[in-house]
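One-letter residues, chain by chain:
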Amino acid sequence: MAHVSFRSVSKHFGNVRAVDDVSFDIDDGEFVCLLGPSGCGKTTTLRLMAGLEQVTHGTIHIAGKDMTTAKPKERDIGMVFQDYALFPHMTILDNIGYPLKVRGVPAEKRRERVTEVARSLSMDHLLDRRPAQISGGQQQRTSVARAVVHKPQVFLFDEPLSNLDAKLRLEARSFLKHLQRELGVTSLYVTHDQAEAMALADKVAVMDAGKIVQLDHPLSVYHKPTNTFVANFLGSPPMNLLQVSFDGDLFKGEGFSLPTGPFEKRLQDVAHGDRLTLGVRPEHLRLGNGTWSLGGQAYAIEPLGPESLVSIRVADYLVTARIFGDELPAVEGHTELAFEPAHVHLFGTDGLRLD
Amino acid sequence: MKHVWYVLTRVGFYVLAAFFATMFAVPMIWLLTAPFSARANLGVQLPDPFTLQNFANVFANTFAVRALFQNSVIQSAGTMLVVVLVATLAAYALSRAPIRGRDALSYGLVLFSSIVTGTAAMVPLFLMIFNVGLIDTHTGVILVLTGGLLPAAIFIMRDFVDSIPRSYEESALVAGASPFGMFRDIALPIVRPGMMVVGIWTFVNVWGGFFVPFILLRSPEKMPASVAIYSFYTEGGTPIITLTTAYALLYTLPVLALYLFVNWKYGFRFFGGIKS
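Here the structure is a predicted model, which is why all the values come from computation and not from measurement. (Residues numbered from 1 in each chain as written. Chains lettered and ligands numbered in written order. Predicted model: local features only at pLDDT ≥ 70, side-chain atom pairs only at ≥ 80, totals over all residues. Heavy atoms only, no water.)

Participant: What am I meant to see in the interface of chain A and chain B here?
Facilitator: For an interface, size is often stated in terms of accessible area lost upon the parts coming together. Counting residues at the interface gives 26 residues for chain A, matched by 23 residues for chain B. Summing the contributions of chain A and of chain B, the shared interface buries around 2100 Å²; its carbon and sulfur component is 66%. If you sort the residues of chain A by the area they bury against chain B, A:P88, A:H89 and A:Y98 come out on top, with a joint share of 24%. Run the count over chain A and chain B and you get one salt bridge. There are six residue pairs in polar contact (both at pLDDT 80 or more) connecting chain A and chain B. Among the secondary structure elements, those contributing two or more residues to the side of chain A that touches chain B are α1 (42–50), β6 (77–80), α2 (92–101) and α4 (136–148) of chain A. (Contact = heavy atoms within 4.5 Å. Buried area = accessible area lost by both parts, 1.4 Å probe. Salt bridge = Lys/Arg side-chain N within 4 Å of Asp/Glu carboxyl O. Polar contact = N/O pair within 3.5 Å; in protein donor to acceptor, adjacent residues only side chain to side chain. Helix = DSSP H or I, 4+ residues; strand = E, 2+ residues; numbered from the N terminus.)

Shown next as structure tokens:
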């Protein structure tokens, strides 16, 4: 268990800045998710933490000690790899026991501890098998067991659920969250799946182009995205973002205009004619008419069971609503979607949130 | 019409295939029958009369027996050990270390290696080995053969190491292993099938090689089997078929046995463990 702190950490590969001046803290026992699209530097950040890459600038502290240039084995971490990386020539027992073996724990004690961990993950009947002889879900658990067996100070997860099928993934997600709570170990988790990040993390760090653009509690990130990138990245389907220009009383978009009435305070620094972005989450749209509504041809109606997705075409935009209930508009008819101004997100010309 | 054409092409294909199969099979069948015949010639026929006398005569030739069961084994196994050890370490380094121009280096070495043990380099090689005092020694033969085979072995091995995901090694490092421990516990066992392939390939190459030991060795008691087989020729230079084939059959057995042993014990397969 340990506090982790990154201070102005950068990693350059030649001219590419994979990680660019990143600073953040993970409190003792906290679960932080690095979330971002592929190539945003999240995996590199994790590898810097593990000591598998060397930082170009900045410092990394683990439990108060400067670990910036420490070797992986000095950092006392447990890591779950995306491809699990189980050693194919060893049994599951030896795989899980490997971190103990390199620490010089005698065979008898090793077997005891591995059996204990394996039992808690209900996989003690697999210990004599080899990685190729067990299922994908079991391989994933083995990989987790190997990461926890030596009680490390920090857990690192590199997209550990991305190779599981949809059903198993949900199961493994709950399992990981429960395990992390139970062990209370400081954790850093990398994923490109926003639902996974929201579900697991105490704090989500959204990364874009090597920088952390927002670091906050999952619901804060969801409800108050700091810029259009975050707004668009979190949520499935993502937030509807509409380009508008501001002319005092109205937001004018292509094919629609909306009153600016309740937003005076948020708009005090905005000049006439500025291009703004207006965002509404799909679940805040409902079927119906009002001062605050968008109308257009229905584009697709996708019933999902508890809810349905209704998309309409407004000029060049596709606006998607998440409709609860079974009354759905006709396909290809004109459909109006209404919303409350309180649910509108406003982003300035630079893409940053206006509050 | 279409049906007839189909049948004809199938028949044609099998006739052609049978012809080529026979071309390859006949010499092998001959090698299995001729040694057991008292009057073998260059034709394939059932041994008549059947005899084991040929083998008795071969074993009576102590020079040839020592060549096969001692000298060939020393030179082949020696070269195999050195090549596998050096090639594995070199291939691992070439694959994992970010060295500029490592691809050019690998290809260049393979290209030049055909020259090393070729006829063109024989005179300088002979002089070199002579100057370091290794003429007429197994060590000299092993060194020269190693030099010739190493580039290709490194090339094969590197391809093998390249195909192994780094996350195996990284997970060992994160688990707390030292670089050496990681290499010994993880990398080496995982590349073992590749080492087996390179080992057998080296062994077979040296086992069948004639030119290098023939030039570098002087004393008959150090010659390998490929040279010793000439002791079953008449003074006029024609082979005594019964004896050469009996010796040749014995000569092929160790290679066959080695292959079967490695395949049984370790297998040439590559095992999984990475989920992709």
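Participant: Even after reading the chapter, I still don't get the layout of surface pockets, so can you show me in this structure?
Facilitator: If you roll a probe as big as a water molecule over the atoms, it shows you where there is empty space left. Residue and element names in this part refer to chain B. By volume, the largest pocket is sized at about 370 Å³. Taken together, the elements giving at least two residues each to the lining of the largest pocket come down to α7 (167–175) and α8 (179–208). In terms of residue count, the dominant contributor to the lining of the largest pocket is α7 (three residues). (1 Å grid on protein atoms, 1.4 Å probe; cavity = no way out; pocket = protein on both sides within 12 Å on 5 of 7 lines; lining within 4 Å. Points joined across faces, edges and corners; volume = space filled by probe spheres on them.)

Participant: Would you take a moment to explain the nonpolar core for this structure?
Facilitator: One finds A:L156, A:L188 and B:Y247 to be the most contacted residues of the largest nonpolar core, which totals 95 residues. Of all the elements, α8(B) adds the most residues to this core, at eleven residues. Residues within four places of A:L188 in sequence aside, it is in contact with A:F24, A:I26, A:V32, A:L34, A:L46, A:M49, A:F155, A:L156 and A:F157. Residues A:I134, A:V148, A:F155 and A:A201 belong to the second largest nonpolar core, which totals 43 residues. (Core = buried A, V, L, I, M, F, W, Y, C linked by side-chain atoms within 4.5 Å. Buried < 20%, exposed > 50% of the residue type's maximum accessible area, 1.4 Å probe, protein only.)

Participant: Can you help me understand the pairing of strand β4 (residues 57–62) of chain A in this one?
Facilitator: Look at any regular strand and the pattern is simple: side chains alternate between the two faces of the sheet. Residue and element names in this part refer to chain A. Sheet topology places strand β1 (residues 4–13) next to β4; five bridges connect them, and they run antiparallel. Within β4, the residue paired with R7 across the bridge is T59. In terms of strand pairing, β4 meets strand β5 (residues 65–66) through two bridges, oriented antiparallel. Within the sheet, the bridge partner assigned to I62 lies in β5 and is K65. Count of turn residues in the β4/β5 antiparallel hairpin: two residues, of which A63 carries a positive phi of about 50 degrees. (Pairing = 2+ DSSP bridges.)

Participant: I would appreciate a short explanation of a nonpolar patch on the surface in the present structure.
Facilitator: Residues and elements named next belong to chain B. There is a patch of nonpolar side chains on the surface, built from L16, F19, F20, M23 and F24 and spanning about 570 Å² of accessible area. Note that F24 resides in helix α1 (residues 2–33). Here F24 falls in the exposed class, since its relative accessible area comes to 61%. (Patch = residues over 30% accessible without salt bridge, like charges linked within 9 Å, V, L, I, M, F, W, Y side chains within 5 Å. Areas by Shrake-Rupley, 256 points an atom, 1.4 Å probe, with all protein chains shown as cover.)

Participant: What am I meant to see in the packing of aromatic side chains here?
Facilitator: Note on aromatic pairs: each is described by the distance of the centres and the angle between the planes. Taken as a whole and assessed by the stated rule, the structure comprises 26 aromatic pairs over all chains. Ring centres of A:F263 and A:W292 lie 5.4 Å apart, and the angle between their planes is 85 degrees; this geometry places the pair in the edge-to-face category. Of the two residues, A:F263 sits in the loop between β13 (256–259) and β14 (275–280) while A:W292 sits in the loop between β15 (286–287) and β16 (293–303), which places them 29 residues apart along the sequence. By relative accessible area, A:W292 is classed as buried at 9%. Taken together, a centroid distance of 4.9 Å and an interplanar angle of 20 degrees make the contact between B:F210 and B:F214 stacked. The class of B:F210 is partly exposed, set by a relative accessible area of 30%. Against the face of A:F175 rests A:R141, its NZ or CZ located 4.3 Å from the ring centre. (Phe/Tyr/Trp six-rings, centres within 6.5 Å; stacked < 30°, edge-to-face > 60°. Lys NZ or Arg CZ within 6 Å of the ring centre and 35° of its normal.)

Participant: Where do I start with unusual backbone geometry in this structure?
Facilitator: A cis geometry characterises the amide bond from A:S236 onward to A:P237, with omega recorded as -5 degrees. Here A:P237 is to be found in the loop between α8 (228–233) and β11 (240–246). Cis geometry marks the peptide bond from B:D48 to B:P49, where omega comes out at -5 degrees. Phi angles above zero are rare outside glycine, and A:S8 is one such case at about 45 degrees. Summarising the element assignment, A:S8 is placed in strand β1. The phi angle at A:S122 is positive, at roughly 40 degrees, despite the residue not being glycine. By the secondary structure assignment, A:S122 is in the loop between α3 (107–120) and α4.

Participant: I would appreciate a short explanation of the packing of helix α3 (residues 62–96) of chain B against α8(B) in the present structure.
Facilitator: Two measures define how a pair of helices packs: the angle their axes make with one another and the distance between the axes. Residue and element names in this part refer to chain B. Contact geometry for α3 and α8: axes closest at 8 Å, N-to-C directions at 140 degrees. Comparing their axes, α8 and α3 come out oblique. Considering only the axes of α3 and α8, their crossing is right-handed. Grouping the amino acids of the contact of α3 with α8 by side-chain chemistry returns 18 nonpolar, seven polar and no charged. (Axes fitted to C-alpha atoms, helices over the stretch in contact; angles between N-to-C directions. Parallel < 35°, antiparallel > 145°, perpendicular 65-115°, else oblique. Left-handed = near helix turned anticlockwise from the far one by under 90°. Nonpolar A, V, L, I, M, F, W, Y, C, P; charged D, E, K, R; others polar.)

Participant: Which parts of the structure should I look at to understand the sheet that holds strand β2 (residues 16–26) of chain A?
Facilitator: Two orientations exist for strands paired in a sheet by backbone hydrogen bonds: parallel and antiparallel. All names here are of chain A. With antiparallel pairing, the four strands of this open sheet are ordered in space as β2-β1-β4-β5. The open sheet terminates on both sides in strands that have one partner only, identified here as β2 and β5. Across seven bridges, β1 lies against β2 in antiparallel orientation. The residue of β2 that forms the bridge with V9 is V22. Across the sheet, α1 is in contact with β1, β2 and β4; its angle to β1 comes to roughly 115 degrees.

Participant: Sorry, what's going on with empty space enclosed by the protein here?
Facilitator: For the structure on display, the rule yields three cavities of 30 Å³ or more. The calculated volume of the largest cavity comes to roughly 60 Å³. Taken together, A:I77, A:G78, A:M79, A:F81, A:P99, A:R146, A:A147, A:H150, B:S171, B:V174 and B:A175 make up the lining of the largest cavity. Looking at the lining of the largest cavity, the elements that each hand over two or more residues are β6 and α4 of chain A together with α7 of chain B.

Participant: Looking at this structure, I do not really get the sheet that holds strand β8 (residues 186–191) of chain A. What am I missing?
Facilitator: Residues and elements named next belong to chain A. Taking strand neighbours across the sheet as the criterion, the six strands line up as β6-β7-β8-β3-β9-β10 in an open arrangement whose pairing is mixed. Each edge of the sheet is formed by a strand with only one pairing partner; in this case those strands are β6 and β10 (211–216). The sheet shows a mean angle of 15 degrees between the axes of neighbouring strands, direction not considered.

Participant: Looking at this model, I keep getting lost on the side chain of B:T51. Mind explaining?
Facilitator: Along the chain, B:T51 falls in the loop between α1 and α2 (53–60). Not counting residues within four places of it along the chain, the set of residues in contact with B:T51 comprises B:P35, B:F36, B:S37 and B:A38.

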